Amino acid sequence: SSQRAGRRTKVTDPVGNVTLVMVTGLGFDTQVLTLSRGSSVGWINKDTSSHTATGAGFDIVLRAGEKGSHVFNESRTYSYSDTFSGIQPGLIVVKD
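Draft legend 1. Structural view of the pairing of strand E3 (residues 18-24). Side chains Thr19, Val21 and Val23 of E3 all project onto a buried face; the interleaved residues Val18, Leu20, Met22 and Thr24 project onto a face where none is buried. Bridging between E3 and strand E6 (residues 39-45) involves six bridges; their strand directions are parallel. Residue pairing in the sheet places valine 18 in a bridge with serine 40 of E6. The sheet contact formed by E3 and strand E4 (residues 27-28) spans two bridges and is antiparallel. Directly across from valine 23, in E4, lies its bridge partner phenylalanine 28. Adjacent in sequence and paired antiparallel, E3 and E4 are bridged by two residues.

Structural data, given as structure tokens:
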């Protein structure tokens, strides 16, 4: 993880890695992820309230303590958010 212009970022490699993002009442613990195509993101709800990780092609509902994941097979940039709470959005950049 690193700080870039006030945003929490994480870069993962190689292909097939699973990157975990914690979700709390304050939001996603990582705001910008850079992944290789074929990698997965796993979200873990550390809050007592339900949250979502919702973006183009995925809508994961996470009740308190639940986990969910999605494999990103297309090289592009995905914006996602928590539709339940409106906390700050996240960004996933998938590269070849």
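That covers the picture; the talk isn't over yet.
Draft legend 2. Molecular detail of the pattern of salt bridges. Evaluated as defined, the whole model comprises one salt bridge. With a shortest N-O distance of 2.9 Å, aspartate 96 and arginine 37 are connected by a salt bridge. With aspartate 96 in the segment after strand E11 (90-95) and arginine 37 in the loop between strand E5 (32-36) and E6, this pair connects stretches of sequence that are 59 residues apart.

Cut-offs applied
Residues numbered from 1 in each chain as written. Predicted model: local features only at pLDDT ≥ 70, side-chain atom pairs only at ≥ 80, totals over all residues. Heavy atoms only, no water. Buried < 20%, exposed > 50% of the residue type's maximum accessible area, 1.4 Å probe, protein only. Helix = DSSP H or I, 4+ residues; strand = E, 2+ residues; numbered from the N terminus. Pairing = 2+ DSSP bridges. Salt bridge = Lys/Arg side-chain N within 4 Å of Asp/Glu carboxyl O.

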